[in-house]
Amino acid sequence: MRVLLVGAGGVGGAITRIATRRPFFEAMVVADYDPARAEAAVAALGGDARFTAEQVDAGDEAAVTRLLAWHRCDVLLNATDPRFVMPLFRAARTAGAAYVDMAMSLSRPHAERPYEECGVKLGDEQFAQAADWEKEGLLALVGMGVEPGLSDVFARYAADELFDAIEEIGIRDGANLTVDGYDFAPSFSIWTTIEECLNPPVVYERGKGWFTTEPFSEPEVFDFPEGIGPVECVNVEHEEVLLVPRWVDVRRVTFKYGLGREFVETLRTLHLLGLDRTDPVTVPGPDGPVAVSPRDVVAACLPDPATLGERMHGKTCAGTWVRGVKDGEPREVYLYHVVDNQWSMTEYGSQAVVWQTAINPVVALELLATGAWSGAGVLGPEAFSARPFLDLLTDYGSPWGMREQ
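Residues numbered from 1 in each chain as written. Predicted model: local features only at pLDDT ≥ 70, side-chain atom pairs only at ≥ 80, totals over all residues. Heavy atoms only, no water.

(A) Structural context of the packing of aromatic side chains. Under the definition given, this model contains 18 aromatic pairs. Between the aromatic rings of Trp-343 and Trp-355, the centroid separation amounts to 5.0 Å while the plane-to-plane angle is 85°, which identifies the pairing as edge-to-face. Highlighted residues: Trp-343 in helix 12 (residues 341-348) and Trp-355 in helix 13 (residues 352-370), separated in sequence by twelve residues. Given a relative accessible area of 33%, Trp-343 falls into the partly exposed group. The class of Trp-355 is buried, set by a relative accessible area of 0%. One residue, Arg-50, lies across the ring of Phe-25, its end atom 4.1 Å from the ring centre. (Phe/Tyr/Trp six-rings, centres within 6.5 Å; stacked < 30°, edge-to-face > 60°. Helix = DSSP H or I, 4+ residues; strand = E, 2+ residues; numbered from the N terminus. Buried < 20%, exposed > 50% of the residue type's maximum accessible area, 1.4 Å probe, protein only. Lys NZ or Arg CZ within 6 Å of the ring centre and 35° of its normal.)

(B) Looking closely at the sheet that holds strand 4 (residues 75-78). On the basis of which strands lie adjacent, the open sheet formed by seven strands has the order 3-2-1-4-5-6-19 and parallel pairing. The two strands at the open ends of the sheet, each matched to only one other strand, are strand 3 (51-55) and strand 19 (377-379). Sheet twist, expressed as the average angle between the axes of neighbouring strands with direction ignored, equals 20°. Direction of pairing for strand 6 (residues 139-141) relative to strand 19: parallel, over a ladder of three bridges. The residue bridging Leu-141 from the neighbouring strand is Leu-379, located in strand 19. Packing against the sheet, helix 1 (residues 10-19) makes contact with strand 1 (2-6), strand 2 (27-32), strand 3 and strand 4, and its axis sits at approximately 165° to strand 2. (Pairing = 2+ DSSP bridges. Axes fitted to C-alpha atoms, helices over the stretch in contact; angles between N-to-C directions. Contact = heavy atoms within 4.5 Å.)

(C) Fine view of the pairing of strand 7 (residues 165-175). Counting buried residues in strand 7 gives eight out of eleven residues, a clear majority hidden from the surface. Of the strand pairs in this sheet, strand 7 and strand 17 (residues 315-326) are connected by ten bridges, and their pairing is antiparallel. Within strand 17, the position partnered with Gly-170 by the bridge is Trp-321. Relative to strand 13 (residues 250-257), strand 7 runs parallel, the two being bridged by seven bridges. Within strand 13, the residue paired with Glu-168 across the bridge is Arg-252.

(D) How the structure looks around the packing of helix 8 (residues 190-198) against helix 10 (residues 261-272). The geometry of helix 8 relative to helix 10 is characterised by a closest axis approach of 11 Å and an angle of 90° between their N-to-C directions. With respect to helix 10, the element helix 8 is oriented roughly perpendicular. In this structure, helix 8 uses Thr-193, Ile-194, Cys-197 and Leu-198 to contact helix 10, whose residues at the interface are Phe-263, Leu-267, Leu-270 and His-271. Here the contact of helix 8 with helix 10 is built from residues that sort into six nonpolar, two polar and no charged. (Parallel < 35°, antiparallel > 145°, perpendicular 65-115°, else oblique. Nonpolar A, V, L, I, M, F, W, Y, C, P; charged D, E, K, R; others polar.)

(E) Focus on unusual backbone geometry. The linkage connecting Glu-147 with the following residue, Pro-148, adopts the cis geometry, with an omega of 0°. Here Asp-327, not a glycine, exhibits a phi torsion of approximately 55°, which is positive. Note on placement: Asp-327 falls in the loop between strand 17 and strand 18 (329-340). Accessibility expressed as a relative area gives 63% for Asp-327, which makes it exposed.

(F) How the structure looks around the nonpolar core. Core analysis: the biggest nonpolar cluster contains 119 residues, and Leu-4, Ile-15, Tyr-99, Trp-373 and Phe-389 have the highest contact counts within it. In terms of residue count, helix 13 provides more of this core than any other element does, eleven residues in total. Filtering out sequence-adjacent residues up to four positions away, Trp-373 remains in contact with Leu-141, Met-144, Val-153, Ala-364, Leu-367, Leu-368, Pro-381, Phe-384, Ser-385 and Phe-389. One finds Phe-222, Val-231, Cys-233 and Trp-321 within the second-largest nonpolar core, a separate group that totals ten residues. (Core = buried A, V, L, I, M, F, W, Y, C linked by side-chain atoms within 4.5 Å.)

This is how it looks when you write it as structure tokens:
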């Protein structure tokens, strides 16, 4: 397998550190808009000759297509933010390569009823091309991070091995992470965080389909395992709600994120001031007016999440809560994956949140390389058998857990 990894930020850098320990691929080209960042990611691997650095603009489809051809890559792994999903998705197909991402194409709220009806849903642009990918015998594995990704694998595992019938699946994400020296320092891309937290959350119900609610709706306190404890979680727009019902028979699906009240209020303030907008505004510059995106300004003012590991303490938990029936009796479980920041920093030099995101696409690539997973079309993690993934995740030294509720 020859892989083009686009994006050498926090997650991309963690991907290279995980992948360098595995023998399943022949080459990995690490490409970034900033060539110094790509070169630094490769240099950190201690001379592994399978890795090379390149410069590329993720929004330039033609350039990405040429890079795939030049290096004879058969897989494109997208580690950029969701703005670049579609150009990279299209470039992979043009080059005849498989495609793997950790987030799907962006949504657009309903123009008249944003908190009741879906407009363009997450992934709609990609699924619209599913027949073409399938016809060409190409695979686009979408939403293959931790959430979405491992959370979806848990949903498939529950359906296959733990339940006879599933009433509800709820993705629940929480942490007790703190960052020394910062009152507000998101542990993941603020661009992506704003997008998913301030867009109308999507809920799925059988018979009703997908519909939306107000941001931060339906608060609940969820008790997370391994010492994290109770965290207030709220509805957030996320890919699992759009993916799980396509392959798993379930009555209701939600995604709730443990943000904390201070984080929620900060996001609400950004929205109130219009600083969550992506459309450029014109501001004075030293050489005249300059058009900038307010959200990009917010991102530039905050610390890079990839640099926070040494200041960060605590654990992060991603998991899937499932309620249903087994052998005629009600059952309720929470399948989860916990990463301690001290461990991920000591073992890999990557902070917990980006490392937890990064390990899952590497596991998926290895399953594709060995043939344990195969397919064509635009498919989510639920389209594949869960057991090989969970076994290999454990083999990587990152076990998962299950708690009967």
